[in-house]
Amino acid sequence: MKTLTIDVVSDVVCPWCYIGKRRLERALALLAVQYPDVDPQVRWHTFQLNPDIPPEGMSRADYVFGKFGAGGVAKYEHIASVGKEVGIVFAFDKIIRQPNTVVAHSLIAVSEPGLAQDAMVEALFNAYFLEGRDLTEASVLMDIAVSAGMDRKDAEAHLQNSELHSQTIDSDKAAREMGISGVPFFIFNRQVGLSGAHEGETLLQGMVEAMSAAAED
């Protein structure tokens, strides 16, 4: 089997990242059919859309108005429409708090790349965008982590690990130093980068390009 590394830079409160995850899944399904000898290895990385939000978060209504003004509602209506196309029923009206995402990202960072990490990312997206849960609450993050398959004691330790949280902040800074300013951002075989929630077919093209470049090296 040939290995294809797929690094996804994302934020758990980014709706386009959730859409991007679904489109990546579409691309991986196409890859499995067209290139059955390729083993894709997906790894999720930290990016904070709003690193200045305090640890306790802030009012979602204040956040949306401050960032988008009176047109914020219409903006999210468009995103909801795109979400339905990939099977996501966004419930933006349920979101009360806009969280700081450092601790949530830390749970992703300590999850084993592959099925475990994918389950954690999915659980966080689901909790925030479909259920409107407050990702600043330790008890909420604990429930999400356990639902994703993490041991409760391990989850509790990770939630209280300030060193881990500092490493997560450093990962966010590293992404920015690489020149990443928006998410989702996909990197295939550390050679081909695509910014944005592209359609699955476009993501597949990026994968193929990366594999071709690797074959030429």
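Residues numbered from 1 in each chain as written. Predicted model: local features only at pLDDT ≥ 70, side-chain atom pairs only at ≥ 80, totals over all residues. Heavy atoms only, no water.

A. Region of interest: the overall build of the protein. A count of helices and strands for the protein gives nine helices and six strands. Computed over its C-alpha atoms, the radius of gyration of the protein comes to 17 Å, within 12% of the 17 Å expected for a compact globule of 217 residues. Accessible surface computed for the protein: about 10,700 Å², of which carbon and sulfur atoms make up 52%. (Helix = DSSP H or I, 4+ residues; strand = E, 2+ residues; numbered from the N terminus. Rg over C-alpha atoms; globule rule 2.2 N^0.38 Å. Areas by Shrake-Rupley, 256 points an atom, 1.4 Å probe, with all protein chains shown as cover.)

B. Geometry of the pattern of salt bridges. Scanning all chains against the criterion turns up 11 salt bridges. Residues Glu122 and Lys21 are paired through a salt bridge, measuring 2.8 Å at the closest nitrogen-oxygen approach. In this pair, Glu122 sits in helix α5 (residues 115-130) while Lys21 sits in helix α1 (residues 15-34), placing the two residues 101 residues apart along the sequence. Summarising the burial analysis for this pair, Glu122 and Lys21 share the class buried. Between Arg26 and Glu201 there is a salt bridge, with its nearest N and O atoms 2.9 Å apart. Here the residue Arg26 occupies a position in helix α1, and Glu201 occupies one in helix α9 (residues 200-216), the gap between them amounting to 175 residues. For Arg26, a relative accessible area of 42% translates into the label partly exposed. Residue Glu201 is classed as partly exposed on the basis of its relative accessible area of 38%. (Salt bridge = Lys/Arg side-chain N within 4 Å of Asp/Glu carboxyl O. Buried < 20%, exposed > 50% of the residue type's maximum accessible area, 1.4 Å probe, protein only.)

C. Here's a closer look at the packing of α1 against α5. Interaxial distance between α1 and α5 falls to 11 Å at its minimum, and their mutual angle equals 135°. Of the possible angle classes, the one that applies to α1 and α5 is oblique. Here α1 and α5 pass one another in a crossing that is left-handed. Along the contact surface, α1 presents Pro15, Cys17, Tyr18, Lys21, Arg22 and Glu25, while α5 presents Asp118, Val121, Glu122, Phe125, Asn126, Phe129 and Leu130. Considered class by class, the residues forming the contact of α1 with α5 number seven nonpolar, one polar and five charged. (Axes fitted to C-alpha atoms, helices over the stretch in contact; angles between N-to-C directions. Parallel < 35°, antiparallel > 145°, perpendicular 65-115°, else oblique. Left-handed = near helix turned anticlockwise from the far one by under 90°. Contact = heavy atoms within 4.5 Å. Nonpolar A, V, L, I, M, F, W, Y, C, P; charged D, E, K, R; others polar.)

D. A look at α9. The end-to-end C-alpha distance of α9, which contains 17 residues, comes to 25 Å, matching closely the 24 Å that a straight helix rising 1.5 Å per residue would cover. Within the sequence span of α9, burial applies to Gly200, Leu203, Leu204, Gly206, Met207, Ala210 and Met211. Down the axis of α9, the sector holding all buried residues measures 155°, keeping them to one side. Of the exposed residues in α9, those oriented more than 90 degrees away from the buried face are Gln205 and Glu216. Where the residues of α9 are buried, they touch β1 (2-10), α1, β2 (38-46), β5 (185-188) and β6 (192-195). (Expected span 1.5 Å × (residues − 1). Arc of directions from axis to C-beta.)

E. Inspection of the nonpolar core at higher detail. Formed by 65 residues in total, the largest nonpolar core has its most connected members in Leu124, Phe188 and Met207. What Phe188 contacts, discounting residues up to four positions off in sequence, is Leu4, Thr5, Ile6, Leu194, Leu203, Gly206, Met207 and Ala210. (Core = buried A, V, L, I, M, F, W, Y, C linked by side-chain atoms within 4.5 Å.)

F. The side chain of Asn50, seen in detail. Along the chain, the position of Asn50 falls in the loop between β2 and β3 (58-59). Discounting residues that sit within four places of it in the chain, Asn50 has contacts with Tyr63, Lys67 and Gln98.

G. Region of interest: the packing of helix α2 (residues 60-68) against helix α3 (residues 72-85). Contact geometry for α2 and α3: axes closest at 9 Å, N-to-C directions at 95°. Judged by the angle between their axes, α2 and α3 are roughly perpendicular. Packed against α2, whose contacting residues are Arg60, Tyr63, Val64 and Phe68, the element α3 presents Gly72, Lys75 and Tyr76 at the interface. For the contact of α2 with α3, a count of residues per class yields four nonpolar, one polar and two charged.

H. Examining the sheet that holds β2 more closely. Strand order in the open sheet formed by four strands is β2-β1-β5-β6, with mixed pairing between adjacent strands. At either margin of the open sheet sits one strand with a lone partner, and together these are β2 and β6. With direction set aside, neighbouring strand axes in the sheet form an average angle of 20°. Across nine bridges, β1 lies against β2 in parallel orientation. Paired with Ser10 across the two strands is Thr46, which belongs to β2. (Pairing = 2+ DSSP bridges.)

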